[in-house]
Amino acid sequence: MLSTAGPRVSRGDINGMDLTIFISVALRIVSGSIFVQSQNREFKLMNQPAFEVDKISEDQTSLFFDADSDQDMDLYVGSGSSEFSGISSALVDRIYFNDGRRNFIKSENGLPLTARENTSTVKAADYDQDGDLDLFVGIRSESFAYGLPMNGYILNNDGTGKFKDVTASVAAGLTKVGMVTDASWIDIDGDRDIDLIIVGEYMPIKVFVNEKNQFVDKTESAGLNFTNGWWNRIEPADLDNDGDIDFVIANHGLNSRFRASLEKPISMYVSDFDKNGTMEQIICAYNGEKSYPLVLRHDLVAQIPSLKKKYLKYENFSDQTITDIFTKEELKDASRLDAFELGTGILLNDGKGKFKFTRLPMAAQFSVMQAISVNDFDNDGFADILLGGNSIWSKT
């Protein structure tokens, strides 16, 4: 449920004292909060009036980074949720500048993005090596039109915290790239510039290599063309101690009714099937050698009443495939999205631009994974993985 995606937590040092700072991004009608860690390791809530003004937004992601190059941490907050229409100001992202005294002031003209979209992730890096931090902003979905491919954006920083959308000129492949959920700026190929890797729902793991500040889609040559999953998070780390960057990727898991493979994918058909101005989404999965819609007859008929006469009884609907329910003409305008992999796992880098995906042990597959931390927790010289997740709203 896109209406239950939050809250998220970010951390950073906003006071220059190496104390950990948290922001719990808001649920609707509840403002985001910053907690400052004191010397005795307790956390104290800081009053931030600027956050109260924007509490109508349901914040999906946030990032502490130095936007204006003044050596303190500013804050980007990305908004989303399926509860707001595409004209709602509650979907507009914001930047709050740190005044140097730990007070955050909302910027009125720092961002070029005025589109009302469901932001899922924001990541900062100096991709053009000009000394300031630029941004990648990923979009998960369009309000009331889940399933349509959305954009990723490259926002170039002028050094003062004013950002320009340069996606069309430096990363045209990010236009309608998919339903983005997370991303990572990292030097994938070891050439000392910053590349970009993106994950999302019904998307392959997408690799964009930085070639003289132009981002080129290298997904196919990286061996990731058929890695479509329901990916939630991605975290870089050198997992095999060979000096290059690997990744941990969180997925739906293997403990549900859903099963997917390259030969038998989960498919979602998206279209305005009943021509009433709203999109319908029909998910199909294999049972034996045939793929059947997972939607129940009464749910489908409630959404598309014109099918009621065709399926007066449940028994008439029980063995119907998507091509039985809809004509070729009706399916012609539908978008089909496939998922081939539902397991949470790791991507191992061969150091030459190719990756191999391997599932993590079954303990990592029991539920939907939503958070990743990689560290040498036991001090043995090897990277360990901490995963967090679950989703009580899943129809499993």
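Above this note sits the structure.
What you are looking at is a predicted structure, and each value in this text was computed from that prediction instead of being measured.

(A) The arrangement of the overall build of the chain in detail. Along the chain, the regular secondary structure elements total six helices and 27 strands. For 396 residues, the compact-globule estimate of 2.2 N^0.38 gives 21 Å, and the chain sits close to it at 22 Å. Its C-alpha atoms give the chain principal-axis dimensions of about 70 × 50 × 45 Å. In the chain, which comprises 396 residues, the proportion classed as buried is 50%. Distance between charge centres in the chain, computed from 39 positive and 60 negative side chains, equals 9 Å.

(B) The arrangement of the nonpolar core in detail. F136, I154, L174, W185, L196, I198 and F215 are the most contacted members of the largest nonpolar core, which totals 17 residues. For this core, the secondary structure elements donating two or more residues are β13 (179-186) and β14 (195-203). Other than its neighbours up to four places away in sequence, F136 contacts T121, V122, K123, G152, Y153, I154, L174, V180, A183, W185, L196 and I198.

(C) Representation of the packing of aromatic side chains. Summed over the entire model, instances satisfying the criterion amount to 14 aromatic pairs. Here the aromatic rings of F65 and F163 are separated by 6.2 Å at their centres, their planes lie at 55°, and the arrangement is tilted. Note that F65 is positioned in strand β5 (residues 58-65) and F163 in strand β12 (residues 163-165), a separation of 98 residues in sequence. Classification of F65 by relative accessible area gives buried; the value is 3%. A relative accessible area of 5% places F163 in the buried class.

(D) Representation of the sheet that holds strand β21 (residues 280-287). Here we have four strands laid out as an open sheet, ordered β22-β21-β20-β23, and antiparallel in their pairing. Bordering the open sheet on either side are β22 (290-293) and β23 (335-339), each of which pairs with just one other strand. Neighbour-to-neighbour, the strand axes of the sheet open up by a mean angle of 25°, direction not taken into account.

(E) Inspection of the pattern of salt bridges at higher detail. Here the structure, examined in full by the defined rule, presents 13 salt bridges. Here R101 ties to D99 by a salt bridge, and the two come within 3.4 Å at their closest N and O atoms. For R101, a relative accessible area of 61% translates into the label exposed. For K218, the salt bridge is made with E211, and the minimal N-O distance between the two is 3.5 Å. A relative accessible area of 38% means that E211 is categorised as partly exposed. If you follow the salt bridges from partner to partner, you end up with D54, D59, R94 and K106 in one network.

(F) Inspection of unusual backbone geometry at higher detail. Of note, the phi angle at R102 is positive, near 70°, even though the residue is not glycine. Its relative accessible area of 31% is what places R102 among the partly exposed residues. Even without being glycine, N379 reaches a positive phi, approximately 55°. For N379, the location among the structural elements is in the loop between β26 (369-375) and β27 (384-389).

(G) Just the environment of D128, in detail. For D128, the location among the structural elements is in the loop between β9 (118-125) and β10 (134-141). Taking the C-alpha atoms as reference, D128 lies 56 Å from S318; in sequence the two are 190 residues apart. Those residues in contact with D128 that lie beyond four places of it in its chain are D134, N156 and N213.

(H) Summary view of the side chain of N210. With respect to the helices, strands and loops of the structure, N210 is situated in strand β15 (residues 206-211). Looking at N210, its side chain comes within polar contact range of the main-chain oxygen of Y127, at 3.2 Å. In terms of polar contacts, N210 uses its side chain to reach the backbone carbonyl oxygen of I194, at 3.0 Å. When neighbours within four sequence positions are excluded, N210 is seen to be in contact with Y127, D191, D193, I194, D195 and F215.

(I) Structural view of the pairing of strand β7 (residues 94-98). Burial analysis of β7 places five of its five residues in the buried class, the great majority of the element. Along β7, one buried face is formed by R94, Y96 and N98 and the opposite face, lined by I95 and F97, is buried too. Bridge analysis of strand β6 (residues 74-80) against β7 gives three bridges, and the strand direction is antiparallel. Counted as the bridge partner of Y76 is I95 from β7. Summarising the sheet, β7 and strand β8 (residues 104-106) pair through three bridges and their orientation is antiparallel. Bridging from a neighbouring strand, Y96 pairs with K106 of β8.

(J) Inspection of the side chain of S271 at higher detail. Secondary-structure assignment places S271 in strand β20 (residues 266-271). Discounting residues that sit within four places of it in the chain, S271 has contacts with T278, M279, E280, D333 and A334.

(K) Main features of the pairing of strand β25 (residues 355-359). Direction of pairing for strand β24 (residues 345-349) relative to β25: antiparallel, over a ladder of five bridges. Note that in β25 the partner of L347 across the bridge is F357. Remark: five residues form the turn of the hairpin made by β24 and β25, two consecutive strands paired antiparallel; G351 in that turn has positive phi of roughly 80°.

(L) Highlighting the sheet that holds β8. The antiparallel open sheet is built from four strands, whose spatial order is β5-β6-β7-β8. On the outer flanks of this sheet lie β5 and β8, each paired with one strand and no other. This sheet shows a mean twist of 25° between the axes of neighbouring strands, independent of strand direction.

So, how was this worked out
- Residues numbered from 1 in each chain as written.
- Predicted model: local features only at pLDDT ≥ 70, side-chain atom pairs only at ≥ 80, totals over all residues.
- Heavy atoms only, no water.
- Helix = DSSP H or I, 4+ residues; strand = E, 2+ residues; numbered from the N terminus.
- Rg over C-alpha atoms; globule rule 2.2 N^0.38 Å.
- Buried < 20%, exposed > 50% of the residue type's maximum accessible area, 1.4 Å probe, protein only.
- Lys, Arg positive; Asp, Glu negative; His and termini not counted.
- Charge placed at Lys NZ, Arg CZ, Asp CG, Glu CD.
- Core = buried A, V, L, I, M, F, W, Y, C linked by side-chain atoms within 4.5 Å.
- Contact = heavy atoms within 4.5 Å.
- Phe/Tyr/Trp six-rings, centres within 6.5 Å; stacked < 30°, edge-to-face > 60°.
- Pairing = 2+ DSSP bridges.
- Axes fitted to C-alpha atoms, helices over the stretch in contact; angles between N-to-C directions.
- Salt bridge = Lys/Arg side-chain N within 4 Å of Asp/Glu carboxyl O.
- Polar contact = N/O pair within 3.5 Å; in protein donor to acceptor, adjacent residues only side chain to side chain.

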